[in-house]
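One letter stands for each residue in the lines below.
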Amino acid sequence: MKIFETIREALQDKEVKIVLPEGEEPRILQATKRLVNETSITPVLLGNPEKIRIYLEIESVTDGYEVIDPQNCSCFEEMVAAFVERRKGKITEDEARKLLREDVNYFGVMLVYLGKVQGMVSGAVHSTASTVRPALQIIKTLPWVSRTSGAFLMVRDDERYVFSDCAINIDPDANVLAEIAINSALTAQIFGIDPKVAMLSYSTKGSGFGEKVDKVVEATKLAQEMRPDLAIDGELQFDAAFVPSVTDKKAPGSPVRGKVNTLVFPDLGSGNIG
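Let me begin by describing the structure that accompanies this report. Remember, it's a predicted structure, so these values are computed and weren't measured experimentally.

## Here's the deal with the pairing of strand E2 (residues 42–46)
- Of all 5 residues in E2, 4 are buried; the element is thus mostly enclosed.
- Sheet analysis places strand E1 (residues 17–20) next to E2, joined by 4 bridges and oriented parallel. The residue of E2 that forms the bridge with Leu20 is Leu45.
- Crossover E1 to E2 through helix H2 (residues 26–38) is right-handed.
- Bridge count between E2 and strand E3 (residues 66–68): 3 bridges; the pairing is parallel. Within E3, the position partnered with Leu46 by the bridge is Ile68.
- The parallel pair E2 and E3, bridged by helix H3 (residues 49–58), forms a crossover whose chirality is right-handed.

Right, here's the structure in full:
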């Protein structure tokens, strides 16, 4: 079963609302049409209700979604109070009102925080930083996560891969890279992928040298020590990680041979190129 069919099946008959802060963006409106027609998810769009209604009616979508106007919301003062409390003195009520009226990502994250929706999808027209920042300030990370990172879910037919970190950490040190590897493996599991993690480098098992190689070697060791139950190997060049015949030559006995599906890049530049 393809991954999106798996997710759709898992959500069937569950009352799930997902807020889409960029509610007037055409791609989001087209996504709303598909969500309404193909899933049981209720999209909650932020924006001008009349503009959104007209667009979706043209697309023959008349119900199955909700619209909230951040400029005219009955729960606005509740959100302001919760925002100020959550930030614990780092923001005033006036500053909270300004952010919630002007920044749809903050508004959307507050809907998640207050339990009015179960999740948020954003970033079609906003940068990674402006999308992630509100979540870090309000939702925050799990207790054992010291550094947030970004994972790309790559799908080709029935093949599924996780690429990390391709969004946030420019040049993580060994400790951060180890944490990225573990959290990426957990992300893979969420999507039904049995994680086989490759710590990528320009070196395979000592074929190269330098500080950047040492970092990946140390990160691999740390990740293996922290989660010995996970299949993690490194340092590996891409071909050694991905092509079994090359693995046999460069990294014989690798526990991820021929099964790599979670690729951890050593820095943001490599991740984006990858």
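## Concerning the packing of aromatic side chains
- For the structure on display, the rule yields 4 aromatic pairs.
- Seen in terms of ring centroids, Tyr161 and Phe242 are 5.7 Å apart; in terms of plane orientation they differ by 50°. Their pairing is tilted. Of this pair, Tyr161 sits in strand E6 (residues 159–164) while Phe242 sits in helix H10 (residues 238–242); the two residues are 81 residues apart in sequence, bridging distant segments of the chain.
- What makes Phe242 partly exposed here is its relative accessible area of 31%.
- Each ring, one from Phe238 and one from Phe242, has its centre 5.1 Å from the other, and the planes form 20°; the classification is stacked. Residue Phe238 and its partner Phe242 are located together in helix H10, separated by 4 residues, close to a single helical turn.

Thresholds, definitions, all that
- Residues numbered from 1 in each chain as written.
- Predicted model: local features only at pLDDT ≥ 70, side-chain atom pairs only at ≥ 80, totals over all residues.
- Heavy atoms only, no water.
- Buried < 20%, exposed > 50% of the residue type's maximum accessible area, 1.4 Å probe, protein only.
- Helix = DSSP H or I, 4+ residues; strand = E, 2+ residues; numbered from the N terminus.
- Pairing = 2+ DSSP bridges.
- Right-handed = clockwise from strand over helix to strand, strands pointing away.
- Phe/Tyr/Trp six-rings, centres within 6.5 Å; stacked < 30°, edge-to-face > 60°.

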